[in-house]
Amino acid sequence: CSLQAGLAVLLKAERLFHSSYHSQAVHIRPVCRVSAGLSSLPQHPKRKSKATLSHCKGSQWFAQLPCGGFTDASCLAVSWELRQTLTVVFDFFSSGQGKKDWSLFKMFSRTLTDTCPLASQSKVYVDISPKNKEKELLEVSPPPTSVHEAIVQGDKKTYAVYDLLSPSLFNTSRSLNVQLKWKRPQDSSEMPIPTLHAQRYVGGYGLQTGEICTLIYNTHPYRAFPVILLETVPWYLRLYVHTLTIITKGKENKPS
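You'll find the chain entered in an unreviewed UniProt entry as PIGT transamidase, with Falcunculus frontatus given as the organism.

Remarks on the overall build of the chain
Within the chain, the secondary structure is distributed over 4 helices and 13 strands. The buried share among the 256 residues of the chain stands at 23%. Considering only residue pairs separated by 6 or more positions, the chain has 65% of its internal contacts joining residues 24 or more positions apart. Accessible surface, the chain: about 19,600 Å² in total, of which carbon and sulfur atoms supply 55%.

Side note on the side chain of Thr115
Relative to the helices and strands, Thr115 resides in the loop between α3 (104–108) and β5 (123–127). With relative accessibility at 14%, the residue Thr115 sits in the buried group. Not counting the four nearest positions on each side in its chain, Thr115 is found in contact with Gln4, Gly6, Leu164, Leu165 and Phe170.

A look at the environment of Thr248
Within the fold, Thr248 resides in strand β12 (residues 246–248). On a C-alpha basis, the gap between Thr248 and Ile216 in space is 9.6 Å, while along the polypeptide they are 32 residues apart. In this structure the side chain of Thr248 is engaged in a polar contact, spanning 2.9 Å, whose partner is the side chain of Asn253.

Focus on the pattern of salt bridges
Within the structure shown, the criterion is met by 4 salt bridges. Two residues, Arg29 and Glu81, come together in a salt bridge whose shortest N-O distance is 2.8 Å. Separated by 52 residues along the polypeptide, Arg29 in strand β1 (residues 21–35) and Glu81 in strand β3 (residues 75–89) bring together distant segments of the chain. Relative accessible area serves as the criterion here: at 47%, Arg29 is assigned to the partly exposed category. Salt-bridge contacts for Lys156 lead to Glu149; the nearest nitrogen and oxygen are separated by 3.4 Å. Take Glu149: its relative accessible area is 47%, and that puts it in the partly exposed class.

As for the packing of aromatic side chains
Counting across every chain of the model gives 2 aromatic pairs. Seen in terms of ring centroids, Phe90 and Phe108 are 5.4 Å apart; in terms of plane orientation they differ by 80°. Their pairing is edge-to-face. Of the two residues, Phe90 sits in the loop between β3 and α2 (92–95) while Phe108 sits in helix α3, which places them 18 residues apart along the sequence. Judged by centre distance (6.4 Å) and plane angle (85°), the ring pair of Tyr125 and Tyr159 falls under edge-to-face. Here the residue Tyr125 occupies a position in strand β5, and Tyr159 occupies one in strand β8 (residues 155–163), the gap between them amounting to 34 residues. Residue Tyr125 is classed as partly exposed on the basis of its relative accessible area, which comes to 47%.

Digging into the sheet that holds β5
If you trace the 3 strands from one edge of the open sheet to the other, you get β5-β8-β7, paired in antiparallel fashion. With one partner strand each, in any of the chains shown, β5 and β7 (146–152) form the two edges of the open sheet. Strand-to-strand twist of the sheet, defined as the mean angle between neighbouring strand axes without regard to direction, takes the value 35°. Note that β7 and β8 share 7 bridges and pair antiparallel. Bridging from a neighbouring strand, Val147 pairs with Ala160 of β8.

About the thresholds
- Residues numbered from 1 in each chain as written.
- Predicted model: local features only at pLDDT ≥ 70, side-chain atom pairs only at ≥ 80, totals over all residues.
- Heavy atoms only, no water.
- Helix = DSSP H or I, 4+ residues; strand = E, 2+ residues; numbered from the N terminus.
- Buried < 20%, exposed > 50% of the residue type's maximum accessible area, 1.4 Å probe, protein only.
- Contact = heavy atoms within 4.5 Å.
- Areas by Shrake-Rupley, 256 points an atom, 1.4 Å probe, with all protein chains shown as cover.
- Polar contact = N/O pair within 3.5 Å; in protein donor to acceptor, adjacent residues only side chain to side chain.
- Salt bridge = Lys/Arg side-chain N within 4 Å of Asp/Glu carboxyl O.
- Phe/Tyr/Trp six-rings, centres within 6.5 Å; stacked < 30°, edge-to-face > 60°.
- Pairing = 2+ DSSP bridges.
- Axes fitted to C-alpha atoms, helices over the stretch in contact; angles between N-to-C directions.

So, in structure tokens, the structure goes:
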């Protein structure tokens, strides 16, 4: 089974828990499957299985929840969507003496050897967006199967896409080790700061004056962005919601 795990073969606990940051999450939500006047959504034979609840209008349990997450009464039946995410941050710039080169093997001590037979999509995206004139200074290997462009936080992003279901990807090699290299030595200057970024630190001491401060920065010259903040704190810390303070541009905002 481990030989056909696809992207999950990279989930080596020894490497994940020694990263700078990691977070696992499970998202479950109801989605509208059948609407009045609309046919049911086509289901891919290899798509992840979903538990189905039909005729939500007549369900007493669902009377407390908008059908499929919609306030529209046209929803006749819903499905449950399960989404699992894993976020890992490797800081090779700090641990690698200022070098920006990286590869899948350096991060996970493993490479991709096959795709999951149940997956309808399996892709790896590498951000190759140019910074000033740096586009000519870096290269990714092997060559990607395609290039995708998108607008993220008002900036144009370019991604190298590796489609693991593409037959040509594993023709030249039995494993895929995506790596990014710089064509010439780079200086050890700090990495560019994203337009939207955050910092967190602990202040004070003890239960009386101890506090957790989170600073969110938006350096865009004119655009505002919606932000959802999820704080992860150790289980042994006791937080008091009534002490929550929100300050924006030097003014305190009372939480609702």
